[in-house]
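Structural features, examined
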Amino acid sequence: MDSYEKLKTARKNGRPTGEAYVKGIIEFPFELHGDRRFGDDLAIMGGVGFIDKHPVTFLAMEKGTDLPSRLARNFGCPKPEGYRKALRLMKQAEKFHRPVICFVDTLGAYPGADAEERGQGQAIAESIMEMMGLRTPVISIVIGEGGSGGALALASANKVFILENAVYSVISPEGCASILWKESTPENVAKAADCLHITAQDMKSLGVAEKVIREDFDHFDKMCAGIKLRLLDTIEEFAAMSEEEIVEQRYQRFRKFGVFDEK
Amino acid sequence: MSFINDFLEKVSTPSAKVQHVTCKKCNHEETKYNLYKNNYICPNCGYYYRLGARSRLELLCDKNSFHELHNGLTSKDFLEFPGYQEKLDKAMSTTREEDAVVCGIASVAGNEFAVFVMDSKFIMASMGSVVGEKITRLFEYATEHKLPVIGFTASGGARMQEGVLSLMQMAKVSGAVKNHSNAGLLYITVLTDPTTGGVTASFAMQGDIILSEPNALVGFAGRRVVEQTTKSKLPDNFQSAEFLLEHGFVDAIVPRAELRDTLAELLTIHKRSV
Ligand SMILES: [Zn+2]
């Protein structure tokens, strides 16, 4: 599959969305609502549960699975209150020393007038900055689309996994095509998707994701069991580290990103 | 610094006294020299000309106090992105800068600080690896030397020609800002026109104190995209500094002529006796 095919696959209706992974991976999930400031954004669901014997906090972007739920979930495009809810739950996880598991799937943060009024940029900025200092491990899994800053706000993590047909990009290929070539025709979008290097395999080679996870939606339970085992391994790996080491590992993970010439 | 001398020469040469520039907003013509004397504000309509990094530093810093750090880094077209190398070459030759941010240490009214200034004349100050790396190094330097940071933001957002690695710069810089903050050090951002996208969604909004120039455009999503999403006409002041102040996302809007004194005072207030 080329990048454009992958992009279409990542967005395909019927592909499992965030809530399905929460149900498939987290035991006894209990959802927690609201940002305590403005409202409750259903584009991000969050709560607590177990992975094996480990209590965890989970956060999942949810696009919805049919028209009513897609509308309710704002098609998985979070507003500032979504990011503020996520941050509240991450700080709570830090307080109670439990790992945070994020399922990332969004076209991007919602670009509406109300979101701008309530400080979309500030909400994402705060989320990223606080995540970079969080004294508990964060593991993020890109399950569909990793759309720009809106995705990074739940992926400034200690480790990032990505599903084999998921994508992660600085800008949507449509946005890129319309800036570069004025029109986002399918040909231009395909070309932009190639130029931007958005595939899971690209993420692996750039170091942006540690692991690519095989998809097997026909045996979704089995696939979730596999992901759970990986998460369990990773949680135990971090359990052996001090809080300082966890923060430092995350810092160094991001510190290395960048390609440039130096005199 | 030599560039400041260059600059002063440029504006004080006889040619600068006769060379005119035209205001983008009201078409008023003014000599370069008069404009410089007026802090690059149109004397007719009050329009704020966008400043290059060096002009900004020249307005802000005590004379000869600026010392550049972390230069020598240049961008690389590592994804072989169509047109990127040409864009870089053109930006480097028109701005005579290596990339879209200049970093260093300086003083204002005797107060030392670390500073970064983004330059919208360089590919709309989009943030790629170099911008992210230089600002990260500046925060690391400031943390090590216990210096406050003043950052002038301007940006069209993350630099798409560097793909997802430009997105990663947001987290990289944010980590360095966080460490600086944890060390009890002051970070002041000054939002300038235009500050958008990934820069707004990271270090522009992470200051302890966030100032803005009047009328600066500051937002996350582009106005056109917001209009398409909202399907209604947006107010004229949408995403302006004044709009942000009204909604609680900016501490103060400071006219350019008062900025130097304001920053000097804020630095003094945060000075701790050793
Ligand atoms: Zn004018």
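Bear in mind the structure is a predicted one, so any value in this text is a computation, not a measurement.

On to the overall build of chain B. When you go through chain B residue by residue, the secondary structure sums to eleven helices and ten strands. Its C-alpha atoms give chain B principal-axis dimensions of roughly 55 × 50 × 40 Å. Split into buried and exposed, the 274 residues of chain B put 58% on the buried side. Of all intrachain contacts in chain B linking residues separated by at least 6 positions in sequence, the fraction that spans at least 24 positions is 67%. Of the roughly 11,100 Å² of accessible surface on chain B, 50% is carried by carbon and sulfur atoms. Distance between charge centres in chain B, computed from 29 positive and 31 negative side chains, equals 2 Å.

What follows concerns the packing of aromatic side chains. This model, assessed by the stated rule, comprises eleven aromatic pairs over all chains. Ring centres of A:Y21 and A:F220 lie 5.1 Å apart, and the angle between their planes is 75 degrees; this geometry places the pair in the edge-to-face category. Of the two residues, A:Y21 sits in helix α2 (residues 18-25) while A:F220 sits in helix α11 (residues 220-239), which places them 199 residues apart along the sequence. Here A:Y21 falls in the buried class, since its relative accessible area comes to 0%. With a centroid separation of 4.9 Å and an interplanar angle of 90 degrees, the aromatic rings of B:F139 and B:Y187 are classed as edge-to-face. Here B:Y187 lies in strand β8 (residues 187-195) and B:F139 lies in helix α6 (residues 129-144), a separation of 48 residues in the sequence.

Right, let's get into the domain arrangement of chain B. All names here are of chain B. Looking at chain B, the domain boundaries give domain 1 (1-49) and domain 2 (62-273). Each partner contributes to the interface: domain 1 provides eight residues, whereas domain 2 provides nine residues. For the domain 1 and domain 2 pair, buried surface summed over both sides reaches about 830 Å², with 51% attributable to carbon and sulfur atoms. On the surface where domain 1 and domain 2 come into contact, there are four residue pairs in polar contact (both at pLDDT 80 or more). Split by residue class, the side of domain 1 that touches domain 2 holds six nonpolar, one polar and one charged.

The next subject is the interface of chain A and chain B. Contact residues are listed per partner, giving 48 residues for chain A and 55 residues for chain B. Remark: the boundary between chain A and chain B carries six salt bridges. Salt-bridge contacts for B:E98 lead to A:K263; the nearest nitrogen and oxygen are separated by 3.2 Å. For the pair chain A and chain B, the number of links is 18 residue pairs in polar contact (both at pLDDT 80 or more). Sort the elements by how many residues they give to the side of chain A that touches chain B and helix α6 (residues 120-133) of chain A lands first, with ten residues. Taken together, the residues of the side of chain A that touches chain B break down into 27 nonpolar, twelve polar and nine charged.

Attention now moves to the pattern of salt bridges. In the structure shown here, the tally under the stated rule is 36 salt bridges over all chains. For B:R137, the salt bridge goes to A:E262, with nearest N and O atoms at 2.8 Å. Within this pair, whereas B:R137 is found in helix α6, its partner A:E262 is found in strand β9 (residues 260-262), the two belonging to separate chains. Of the residues examined, A:E262 reaches a relative accessible area of 47% and is grouped as partly exposed. Note that B:R54 is salt-bridged to B:E97, the shortest N-O span being 2.7 Å. One end of the pair, B:R54, is in helix α4 (residues 53-60); the other, B:E97, is in the loop between α5 (84-95) and β5 (101-108), with 43 residues separating them in the sequence.

About the cut-offs
- Residues numbered from 1 in each chain as written.
- Chains lettered and ligands numbered in written order.
- Predicted model: local features only at pLDDT ≥ 70, side-chain atom pairs only at ≥ 80, totals over all residues.
- Heavy atoms only, no water.
- Helix = DSSP H or I, 4+ residues; strand = E, 2+ residues; numbered from the N terminus.
- Buried < 20%, exposed > 50% of the residue type's maximum accessible area, 1.4 Å probe, protein only.
- Contact = heavy atoms within 4.5 Å.
- Areas by Shrake-Rupley, 256 points an atom, 1.4 Å probe, with all protein chains shown as cover.
- Lys, Arg positive; Asp, Glu negative; His and termini not counted.
- Charge placed at Lys NZ, Arg CZ, Asp CG, Glu CD.
- Phe/Tyr/Trp six-rings, centres within 6.5 Å; stacked < 30°, edge-to-face > 60°.
- Domains from an automatic or database assignment.
- Buried area = accessible area lost by both parts, 1.4 Å probe.
- Polar contact = N/O pair within 3.5 Å; in protein donor to acceptor, adjacent residues only side chain to side chain.
- Nonpolar A, V, L, I, M, F, W, Y, C, P; charged D, E, K, R; others polar.
- Salt bridge = Lys/Arg side-chain N within 4 Å of Asp/Glu carboxyl O.

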